Protein chains: 2
Amino acid sequence: MAVYTDVANDDLADFLKQYDIGELLSYKGIAEGVENSNYLMHTSKGAYILTLYEKRVALDDLPYFLGLMAHLCERGVTCPQPQKTRDGAVYSSLAGRPAAIINFLEGMWPRRPSAVHCAGVGDALARMHVAGQDFPLKRANNLSVEGWRHLLDLAAPRADTVQPGLRAFLETELNDLAAHWPSDLPQGVIHADLFPDNVFFLGDKLSGLIDFPFSCNDMLAYDVAICVNAWCFEPDFSFNATKARALLNAYNKVRPLTPAEQAAMPLLARGSALRFLLTRLVDYLNVPEGAFVKPKDPLEYVRKLRFHQSVKSMADYGLEAAGQPA
Amino acid sequence: MAVYTDVANDDLADFLKQYDIGELLSYKGIAEGVENSNYLMHTSKGAYILTLYEKRVALDDLPYFLGLMAHLCERGVTCPQPQKTRDGAVYSSLAGRPAAIINFLEGMWPRRPSAVHCAGVGDALARMHVAGQDFPLKRANNLSVEGWRHLLDLAAPRADTVQPGLRAFLETELNDLAAHWPSDLPQGVIHADLFPDNVFFLGDKLSGLIDFPFSCNDMLAYDVAICVNAWCFEPDFSFNATKARALLNAYNKVRPLTPAEQAAMPLLARGSALRFLLTRLVDYLNVPEGAFVKPKDPLEYVRKLRFHQSVKSMADYGLEAAGQPA
């Protein structure tokens, strides 16, 4: 929620000479992105987002993220379109930092998602998965089983200060997931962070998917499981089967889930819940003294994880085992 | 530099039904304004700024600030135009807070102001002063001599921890200013905070004056003195007479400074320097532990104040005593 780097107007105007996006009219630091500086720019040709990548972004990953968005745009998936310099580069340098420009997508993320929104997300996620099939670059998922082990090592010593018994719960769950984590499900490009604040709508119509810094190659069904966790629980953490049915049904229409993917869904949902539980827990235990930003509650994902532990089959999520909507 | 209040898209869309500014397309929290939440909105009719007033803004002052902007716009001064509800109100309520919408001005504030920018500011300030003459509302300047006394009382006990001897310097200066502060100079509406970040340009052309929360009724020449302090010193605190000449000359062409105003200018410039010195000093001494925002250096204004103490007459600023540009 902060702009870290202030950019002088003259420097920005000079920087934009590399691009064919018109004359600079205004730019405002926007309160989005925790790790990067983001500006909403107006030029004589339209609206754009300028991102300055601060230290925690690996430069090596930028071609993957930016190349993926360009690839998806070309295939009709509505996501931000990276702008290329006249030399064809998708990023350049500004104020001593890697900097990229993407076009600005109109739309708003739904603070109170409805089943209609969930259907929109399921449909768009499946289209993204299909469109990503021929994306040539590869990037490993750093936040899969091995990454969870690392996060748990960091969090374990103080986990019980957050909730008594949490450490044992997490260790048991991780060991069980690691022993049974699938390796033979369909793979591809996943978004890996498709929470409501990363999906824009105009009214009920989805207008874009944004924010790809976690995108990577992994099991496609794992991405579906992330969305189930992100979209299908109510503020009181109760599972909303109507929303899940809408999401899964819409996904399945575009890219039918295989029987193996369906069978694995409860396990994948547990893994996805553990992943967000662990990152939140580590953040929660490491909030700097006096920090302005309140960390997200890790225990929300304990509740979600316990729900998935109770799920017997895909039918409990609203999709029949045969691959037909329930 | 923070958005304090997150607004749900449904709530905002409902709120906008009171206005005739089109359909909401997007809104982004922008990193501007320390005390309020500001959003840049795109609608089907254009771009707007939505401000939610947080606790430190007195509701009673909103009609003054918003009414002044509307008044100035009607008279051709380029500043944000407050949007009225269908019922004619300049502010309403959103998320439990007073909220107002102004139109978005394209333009950028100059990080490295030139003499051309200074001339633009002088011209615009004079036009604002002239256009404000028939504004019917009144608001006292809380940050004039009496306010400085209050600030000094707050800062005095620890002032010498910032610079040895600072307390005595400030007390002597304040007593001298209070004894000689003019009461018979032309009065009117002043902006009172026309720093570079509150003035937009497109290239060399001034495109707007923004941010009126300090506007009030006071001596017009005091507003000029604030601009001399804000625009005519270099980053090393040296006085740039070329910039001052450009600013004063441009001002004087639109609204000639009276002989009494000119004679008082060194004193007014000292007072203006003391005002910013004191607010910065109080902020500096009261930074919360672990705060993210670095306070502005109060000692910058000690340097400026000492410069003005050395000024003998208006000619030293670049304007002849006769009211003609030097």
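Note that the coordinates shown come from a computational prediction; the quantities given were computed from them, not determined experimentally.

Novice: Break down the overall build of chain A for me, with residues and values.
Specialist: Check the secondary structure of chain A and you find 9 helices and 9 strands. Relative to the compact-globule value of 20 Å for 326 residues, chain A shows a C-alpha radius of gyration of 20 Å, a close match. Principal-axis analysis of the C-alpha atoms places the extent of chain A at approximately 60 × 45 × 35 Å. In chain A, the share of contacts with a sequence separation of at least 24, taken over all contacts with a separation of at least 6, comes to 73%. Taken as a whole, chain A presents about 14,000 Å² of accessible surface, with 52% of it coming from carbon and sulfur. Taken as two groups, the 31 positive and 38 negative side-chain charges of chain A have centres that lie 3 Å from each other.

Novice: Outline the sheet that holds strand β5 (residues 97-103) of chain A, supporting the account with residue identities and numerical values.
Specialist: Residue and element names in this part refer to chain A. The strand order across the open sheet formed by 5 strands is β1-β2-β3-β5-β4, and the pairing between neighbours is antiparallel. Unpaired on one side and paired on the other, β1 (24-29) and β4 (92-94) mark the two borders of the sheet. Adjacent strand axes in the sheet meet at a mean angle of 35 degrees when their direction is disregarded. Helix α1 (residues 9-16) contacts β1, β2 (36-43), β3 (46-53), β4 and β5 of the sheet and is inclined by roughly 120 degrees relative to β1. Docked against the sheet, helix α2 (residues 62-74) engages β3 and β5, running at close to 10 degrees with respect to β5.

Novice: Account for the pattern of salt bridges, with residues named and values stated.
Specialist: Two side chains that carry opposite charge are able to pair once their charged atoms sit near each other. Following the criterion strictly, the structure yields 34 salt bridges over all chains and no others. One connected set of salt bridges, linked through shared partners, spans Asp10 and Asp11 of chain A together with Arg112 of chain B.

Novice: How would you explain the relation of the copies chain B and chain A if you had to name every residue and give the values?
Specialist: The transformation that overlays chain B on chain A combines an axial shift of 0.0 Å with a rotation of 180 degrees, and the residual RMSD is 0.0 Å. A rotation of that kind, with that shift, is consistent with a two-fold axis. The rotation axis passes nearest to the C-alpha of Ile30 of chain B in chain B, at a distance of 2.1 Å. Comparing interface residues between copies, 100% of those in chain B also lie at the interface in chain A; the contact surface is shared.

Novice: Residues and numbers for the sheet that holds strand β5 (residues 97-103) of chain B, please.
Specialist: All names here are of chain B. Strand order in the open sheet formed by 5 strands is β1-β2-β3-β5-β4, and the pairing between neighbours is antiparallel. Of all strands in the sheet, those with a lone pairing partner are β1 (24-29) and β4 (92-94), marking the two edges. Pairwise comparison of adjacent strand axes, ignoring direction, gives a mean angle of 35 degrees for this sheet. The sheet contact formed by β4 and β5 spans 3 bridges and is antiparallel. Considered in β5, the bridge of Ser93 is made with Pro98. Sheet strands touched by helix α1 (residues 9-16): β1, β2 (36-43), β3 (46-53), β4 and β5. Its angle to β1, the strand with the most contacts, is close to 120 degrees. Lying over the sheet, helix α2 (residues 62-74) contacts β3 and β5, oriented at roughly 10 degrees with respect to β5.

Novice: Explain the domain arrangement of chain A to me, using residue names and the numbers behind them.
Specialist: Residue and element names in this part refer to chain A. Per the domain assignment, the segments of chain A are domain 1 (9-103) and domain 2 (115-317). Relative to domain 2, the C-alpha centre of domain 1 lies at a distance of 28 Å. In this assembly, 14 residues from domain 1 lie in contact with 21 residues from domain 2. Of the roughly 1,400 Å² buried between domain 1 and domain 2, counting both surfaces, carbon and sulfur atoms make up 71%. It is Tyr64, Phe65 and Leu68 that lose the most area in domain 1 upon contact with domain 2, and together they represent 40% of the buried surface on that side.

Novice: Kindly report on the packing of aromatic side chains, identifying the contributing residues and their values.
Specialist: Evaluated as defined, the whole model comprises 26 aromatic pairs over all chains. With centroids separated by 4.9 Å and ring planes inclined at 70 degrees, the aromatic side chains of Phe195 of chain A and Phe276 of chain A adopt a geometry described as edge-to-face. Separated by 81 residues along the polypeptide, Phe195 of chain A in the loop between β6 (187-190) and β7 (199-202) and Phe276 of chain A in helix α8 (residues 259-285) bring together distant segments of the chain. Here the two residues Phe195 of chain A and Phe276 of chain A agree in accessibility, since each one is buried. Seen in terms of ring centroids, Phe233 of chain B and Phe307 of chain B are 5.7 Å apart; in terms of plane orientation they differ by 90 degrees. Their pairing is edge-to-face. You can see Phe233 of chain B sitting in the loop between α6 (220-231) and α7 (241-254) and its partner Phe307 of chain B sitting in helix α9 (residues 299-309), a full 74 residues away along the chain. For Phe233 of chain B, a relative accessible area of 9% puts it in the buried group.

Novice: Would you mind going over the pairing of β7 of chain A in detail, with residue names and values included?
Specialist: Two strands pair when backbone bridges link them, and β7 of chain A and strand β8 (residues 205-209) of chain A are joined in this way by 4 bridges, in the antiparallel orientation. By the bridge assignment, Leu202 of chain A is partnered in β8 of chain A with Lys205 of chain A.

Novice: Account for the packing of helix α5 (residues 166-180) of chain A against helix α9 (residues 299-310) of chain A, naming residues and giving values.
Specialist: Residue and element names in this part refer to chain A. At their nearest, the axes of α5 and α9 sit 13 Å apart, and the two run at 45 degrees to each other. By the angle class used here, α5 and α9 are oblique. Considering the relative orientation of α5 and α9, their crossing is left-handed. Between α5 and α9, the residues in contact are Leu166, Phe169 and Glu173 and Leu299, Val302, Leu305, Arg306 and Gln309, respectively.

Novice: Explain the interface of chain B and chain A residue by residue, including any values.
Specialist: Chain B puts 35 residues into the contact, and the matching count from chain A is 35 residues. In this assembly, chain B packs against chain A so that about 2,900 Å² is buried in total across both faces, 55% of it on carbon and sulfur atoms. By the criterion of area lost to chain A, the three top residues of chain B are Lys28, Met108 and Arg111 of chain B, representing 22% of everything that side buries. There are 6 salt bridges connecting chain B and chain A. With a closest N to O distance of 2.9 Å, Asp11 of chain B and Arg112 of chain A form a salt bridge. Where chain B meets chain A, there are 21 residue pairs in polar contact (both at pLDDT 80 or more). Of all elements in the fold, only α1, β1, β2 and β7 (199-202) of chain B reach the threshold of two or more residues within the side of chain B that touches chain A.

Novice: Help me get a handle on unusual backbone geometry, residues and values and all.
Specialist: Residue and element names in this part refer to chain A. A positive phi is found at Asp211, a non-glycine position, where the angle reads about 65 degrees. In this structure Asp211 comes out as partly exposed when scored by relative accessible area, which is 40%. One non-glycine residue, Phe237, lies in positive phi territory at about 75 degrees.

Novice: Pulling in residues and values, what's your account of the packing of helix α6 (residues 220-231) of chain A against α8 of chain A?
Specialist: Residues and elements named next belong to chain A. The contact between α6 and α8 brings their axes to 8 Å, and the two run at 60 degrees. With respect to their mutual orientation, α6 and α8 come out oblique. Here the hand of the crossing between α6 and α8 comes out right-handed. Counting all contacts with α6, which are made through Leu220, Ala221, Tyr222, Val224, Ala225, Ile226 and Asn229, the residues of α8 involved are Glu261, Met265, Leu268, Ala269, Gly271, Ser272, Ala273, Arg275 and Phe276. Counted by class, the contact of α6 with α8 contains 11 nonpolar, 3 polar and 2 charged residues.

Novice: Provide a residue-level description of the environment of Gly22 of chain B, including the pertinent values.
Specialist: Residues and elements named next belong to chain B. Position of Gly22 among the secondary structure elements: in the loop between α1 and β1. Through-space distance from the C-alpha of Gly22 to that of Asp283 is 41 Å; in sequence the pair is 261 residues apart. When residues no more than four places from it in sequence are discounted, the contact partners of Gly22 are Thr43, Ser44 and Lys45.

Basis of the calculations
Throughout this description, residue numbers start from 1 for each chain and increase along the sequence as written. As a convention, the first chain written is A and the first ligand written is 1, with the rest following in written order. Reporting in this predicted model follows two pLDDT cut-offs: at least 70 for local features of residues, and 80 or more for side-chain atom pairs to be given and counted; totals over whole chains, interfaces and linings ignore these cut-offs and use all residues. Side-chain calculation: all heavy atoms of the structure are included, whereas hydrogens and water are not. Under the scheme used here, helices are H or I runs from DSSP no shorter than 4 residues and strands are E runs no shorter than 2 residues, and both carry numbers assigned from the N terminus. Computation of the radius of gyration draws on C-alpha atoms, with the globule rule given as 2.2 Å multiplied by the number of residues to the power 0.38. Should any heavy atoms of two residues lie within 4.5 Å, those residues are counted as being in contact. In this description, accessible areas are obtained by the Shrake-Rupley approach with a 1.4 Å probe, and a residue is regarded as covered only by the protein chains that are shown. Only four residue types enter the charge count: Lys and Arg as positive, Asp and Glu as negative, with His and the chain ends excluded. A charged residue contributes its charge at one atom only: NZ of Lys, CZ of Arg, CG of Asp or CD of Glu. Should DSSP find at least two bridges between two strands, the strands are regarded as paired. Geometry is summarised by axes, namely lines fitted to C-alpha atoms with helices restricted to the contacting stretch, and by angles between N-to-C directions that run from 0 to 180 degrees. Salt bridge, as used here: a side-chain nitrogen of Lys or Arg that lies within 4 Å of a carboxyl oxygen of Asp or Glu. When the copies are superposed, the least-squares fit draws on C-alpha atoms of residues that have pLDDT of at least 70 in both. The split of the chain into domains comes from an automatic or database domain assignment. Joining two parts hides part of their accessible area as seen by a 1.4 Å probe, and the buried area is that hidden amount summed over both. Only the six-membered ring of Trp is used, alongside the rings of Phe and Tyr, when aromatic pairs are assigned; centres must lie within 6.5 Å, and planes under 30 degrees apart are stacked while those over 60 apart are edge-to-face, with the rest tilted. Each residue is assigned to one of three classes by its accessible area relative to the maximum for its type, calculated with a 1.4 Å probe on protein chains only: buried under 20%, partly exposed between the two thresholds, exposed over 50%. Here is the rule for angles: anything less than 35 degrees is roughly parallel, anything more than 145 is roughly antiparallel, 65 through 115 is roughly perpendicular, and the remaining ranges are oblique. Left-handed describes a crossing whose near helix is turned anticlockwise from the far helix through less than a right angle; right-handed describes the clockwise counterpart. What qualifies as a polar contact is a pair of N or O atoms within 3.5 Å, subject to a donor-acceptor requirement within protein and to the restriction that residues adjacent in sequence count only when both atoms come from side chains. Charged means Asp, Glu, Lys or Arg here, nonpolar means Ala, Val, Leu, Ile, Met, Phe, Trp, Tyr, Cys or Pro, and polar covers whatever is left, Gly included.

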